[in-house]
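The residues making up each chain are set out below.
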Amino acid sequence: MQESASTLASPMPAAAPGHGQGLVADTRRGTVALTYGTYDLFHVGHVRLFRRIKERFGFLIVAVSTDEFNAVKGKRSVVPFADRIEIVRACRHVDLAIAENEWAQKESDIREYGCTAFVMGDDWSGRFDHLRALCEVIYLPRTGGVSSSELKAHVVKTAA
Ligand code: CTP
């Protein structure tokens, strides 16, 4: 079921360990989830994705695309990488934020951090099924009615 951006009441999330703390303990518990994205103009769809992952897994690692990697993907963010990763790190559901520099790093990140799950929004459904050889791959429903590109378009339209 898709969550809507303006109507859903958010239940209280599980408490997240502090940055740099709890990695060993939670890794031992064996539930480490990894997700990737740009997170430009950080919005409620991003928060809800993180919350749902964190509710299900003990430890959430978020990989944030660098500006250079976004250029490779044909994307350009309004907010620069250093600020985007700082904002993601400040989200209470996020235990660790790392940089995403290239497509090929997913496999090595899963191995390096001992990830048990790779999670993305369902706009990516099927795109990362090859990672099932390494861990569980899950696509969660996106939050409806909000996206970075829609926010940008809205700002451009209303500022004109
Ligand atoms: N996401 C989500 N719900 C939304 C928007 C994004 O669950 N309403 C998820 C995406 O599925 C992805 C992650 O958040 O797993 C990062 O998405 P990102 O591309 O950074 O955000 P978008 O708002 O989709 O940005 P854009 O409009 O530029 O595609």
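Residues numbered from 1 in each chain as written. Predicted model: local features only at pLDDT ≥ 70, side-chain atom pairs only at ≥ 80, totals over all residues. Heavy atoms only, no water.

Trainee: It is not clear to me how the overall build of the chain should be interpreted in this structure. Could you clarify?
Mentor: The helix and strand tally for the chain stands at six helices and seven strands. Overall, the chain shows an N-to-C arrangement of helices and strands of β-α-β-α-β-α-α-β-α-β-β-β-α. Across the 160 residues in the chain, those meeting the buried criterion constitute 44%. For the chain, the share of sequence-separated contacts (at least 6 apart) that also reach a separation of at least 24 residues comes to 69%. Only carbon and sulfur atoms are counted for the fraction: they give 56% of the accessible area of the chain, which is about 8500 Å². (Helix = DSSP H or I, 4+ residues; strand = E, 2+ residues; numbered from the N terminus. Buried < 20%, exposed > 50% of the residue type's maximum accessible area, 1.4 Å probe, protein only. Contact = heavy atoms within 4.5 Å. Areas by Shrake-Rupley, 256 points an atom, 1.4 Å probe, with all protein chains shown as cover.)

Trainee: Help me understand the pattern of salt bridges in this model?
Mentor: Should the charged atoms of two oppositely charged side chains come close, the side chains can pair. Under the criterion given, the structure shown has seven salt bridges. A salt bridge links Glu55 to Arg51; the nearest nitrogen and oxygen atoms lie 3.5 Å apart. On the criterion of helical spacing, the pair formed by Glu55 and Arg51 is a turn pair, its members being four residues apart in helix α2 (residues 44-56). A residue is classified by how much of its surface remains accessible, and Glu55, at 39% relative accessible area, is partly exposed. (Salt bridge = Lys/Arg side-chain N within 4 Å of Asp/Glu carboxyl O.)

Trainee: Before we go on, may I ask you to explain unusual backbone geometry in this structure?
Mentor: Across residues other than glycine, the phi torsion is negative in most instances, and most of the peptide bonds are trans. Its identity is not glycine, yet Tyr39 carries a phi of approximately 55 degrees, on the positive side. Considering the arrangement of structural elements, one finds Tyr39 in the loop between β2 (32-37) and α2. In this structure, Leu41 is a non-glycine residue whose phi angle is positive, near 45 degrees. Given a relative accessible area of 25%, Leu41 falls into the partly exposed group.

Trainee: What should I look at first to understand helix α5 (residues 105-112) in this one?
Mentor: All buried positions along α5 are accounted for by Gln105, Lys106, Asp109 and Ile110. Buried residues in α5, looked at end-on, bunch into an arc of 135 degrees, giving them a common side. Structural note: α5 exposes Arg111 and Glu112 on the side pointing more than 90 degrees away from its buried face. Looking at the buried positions of α5, the neighbouring elements they touch are β2, β4 (96-100) and β5 (117-121). The positive-phi residue at the C-terminal boundary of α5 is Gly114, with phi of around 60 degrees. (Arc of directions from axis to C-beta.)

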